[in-house]
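Here is how the chains run, residue by residue.
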Amino acid sequence: MQTIPMKKFILFFLIISSLSPFVLYAQVTNTDRVYDDNIVSVLLYANGNQLKDPVIELGSSDRLTLSFDDLSNRQENYKYTLVHCTSDWKTSDLDPIDYLSGYLEGDINDYKFSFNTLTPYIHYRLNFPQPQIRPILSGNYIIKVYLNDGGDTTVLITRRFFVVEPLVSVSAKVPFYPKNLAYFKKKQQIDLVCHTPDIFRAEPEQRFKITIRQNDRWDNAHVDIHPTSVTPNELQYNFADGIVFNSGNEPRYFDMKNFWYQSEYIRSITQLKNYYKVILHTDYPRAGGQYETYQDNHGKMFIAARSNQNPAIEGDYAEVYFHLKMPEIKNANVYILGQLTDWQLNGNNRMTYNQQTHQYEANLFLKQGYYEYWYAVLPVGSKQANITPIEGSFWETRNTYTIYVYYHNRNLEYDRLVGIQKINAH
């Protein structure tokens, strides 16, 4: 079996682990995460569009697509299951038979070997829900991909998705003047009202909760928001300082759909034996500069290749090198943030500061496509990153905000997802 040099240490670790009674593995969590270094380019999207959020309407014909590549180039019989979660992404107390119809697990049988690529891999794809396994309750869900019995040591992927029953409508906007004028031109405030039918009259202050995400981030999401006042068929959210987010800036980007030419922001492309090496032009901080607007996908990535290629199995891979020239930030780490890093803040996308060149450096192994990202600062001891020290913060930034409305059902004791509204800041 041929493997690329950068992955050899993984095989070495697996061999050593198999000889030791003390096998270390990452704890499985209800987040968007990959637990095996050979699994890459994981996408989960709705109705055949890579840029659509993984949301389906309960009882509809909506379909989600999960796709990923396995660099081990060894065909496996992967299985999956769906896990119902609470509004704050804890595994709910429901039995699987309460929220799933049909079987409790399914097989991923759709796979193809890569064709004519430097990097060998197997591409897997799953369209769901399927008749033999489908959710019958609304709420937050995790799709879990695994081998064997699904124990923590065999889980490869966890991904969040949403099943909504649209019973509540939301009116929301980003006003020009925030309630706290100290945030003027610096932060974006979300004004919203929920319009609820009569069926939700019981205990609305306690049973309703709202989560708001900026773009696709979870680290800075506002969660567990309860209404401040209730009127007939309406929930109000009037906080003294409002619900605010740092405005941030539009994401940086690079186009790597074609290795035959150097597009904007790519300094060099080198073909190696088992993959490409792509060096991006050096980045610099944008804080303190002027706001520049351009069309973007709010931090998402898009797997694509030349027009005569099938990106699923003909898209090749590259080691992409990032450089950020700036003074070192003390008592904090810098990360590459976006869908290209699963919106995570971990060792895989943490940058290293080079004292000789006075720049942050990192590299990511990425498939051909179009990528967007920010540089985020995470203070030591914090779980919420901040892009403004490097990227700046401009009220004009065209962020997207997604509002999730949950209602706690007393019968089965679970959080129903009764409304989703997505708005653009401008």
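## Details of the overall build of the protein chain
Step number 1: A count of helices and strands for the protein chain gives five helices and 30 strands.
Step number 2: Rg of the C-alpha trace for the protein chain: 22 Å, near the compact-globule value of 22 Å for 426 residues, within the 12% margin.
Step number 3: If one aligns the C-alpha atoms of the protein chain with their principal axes, the spans along those axes are about 65 × 55 × 45 Å.
Step number 4: Here the protein chain displays about 19800 Å² of accessible surface, and carbon together with sulfur accounts for 50% of that area.
Step number 5: Considering the protein chain, the positive charge centre built from 41 side chains and the negative charge centre built from 45 side chains are found 4 Å apart.

## Some details on the side chain of Arg160
Step number 1: When you line up the elements, Arg160 lands in strand β12 (residues 155–164).
Step number 2: Residue Arg160 is classed as buried on the basis of its relative accessible area of 10%.

## A look at unusual backbone geometry
Step number 1: Residue Pro129 is reached from Phe128 by a cis peptide bond, and omega for that bond is 5°.
Step number 2: The residue Pro129 is located in the loop between β9 (122–128) and β10 (133–135) in this model.
Step number 3: Even without a glycine there, the phi angle at Ser41 is positive, about 55°.
Step number 4: The residue Ser41 is located in strand β2 (residues 39–46) in this model.
Step number 5: A positive phi angle is found at Lys185, which is not glycine, with a value near 65°.
Step number 6: Along the chain, Lys185 falls in the loop between β13 (169–173) and β14 (187–195).
Step number 7: For Lys185, a relative accessible area of 34% gives the class partly exposed.

## A look at the sheet that holds strand β26 (residues 352–354)
Strands belonging to one sheet form pairs held by backbone hydrogen bonds; the direction of such a pair is parallel or antiparallel.
Step number 1: One open sheet accounts for five strands, arranged β21-β22-β24-β27-β26; its pairing is mixed. Since the sheet does not close on itself, it has two edges, and those belong to β21 (266–271) and β26, each with one partner. Taking the axes of each pair of neighbouring strands and ignoring which way they run, one obtains an average angle of 25° across the sheet.

## Section: the packing of aromatic side chains
Step number 1: Applying the stated rule across the entire model yields 35 aromatic pairs.
Step number 2: A centroid spacing of 4.9 Å and a plane angle of 65° characterise the contact between Tyr78 and Tyr124, whose relative ring orientation is edge-to-face. A residue pair is termed long-range when its members are at least 10 positions apart, and Tyr78 in the loop between β4 (64–70) and β5 (79–85) and Tyr124 in strand β9 qualify at 46 residues. Tyr124 shares its class with Tyr78; the two are buried.

Each value, and the rule that gives it
- Residues numbered from 1 in each chain as written.
- Predicted model: local features only at pLDDT ≥ 70, side-chain atom pairs only at ≥ 80, totals over all residues.
- Heavy atoms only, no water.
- Helix = DSSP H or I, 4+ residues; strand = E, 2+ residues; numbered from the N terminus.
- Rg over C-alpha atoms; globule rule 2.2 N^0.38 Å.
- Areas by Shrake-Rupley, 256 points an atom, 1.4 Å probe, with all protein chains shown as cover.
- Lys, Arg positive; Asp, Glu negative; His and termini not counted.
- Charge placed at Lys NZ, Arg CZ, Asp CG, Glu CD.
- Buried < 20%, exposed > 50% of the residue type's maximum accessible area, 1.4 Å probe, protein only.
- Pairing = 2+ DSSP bridges.
- Axes fitted to C-alpha atoms, helices over the stretch in contact; angles between N-to-C directions.
- Phe/Tyr/Trp six-rings, centres within 6.5 Å; stacked < 30°, edge-to-face > 60°.

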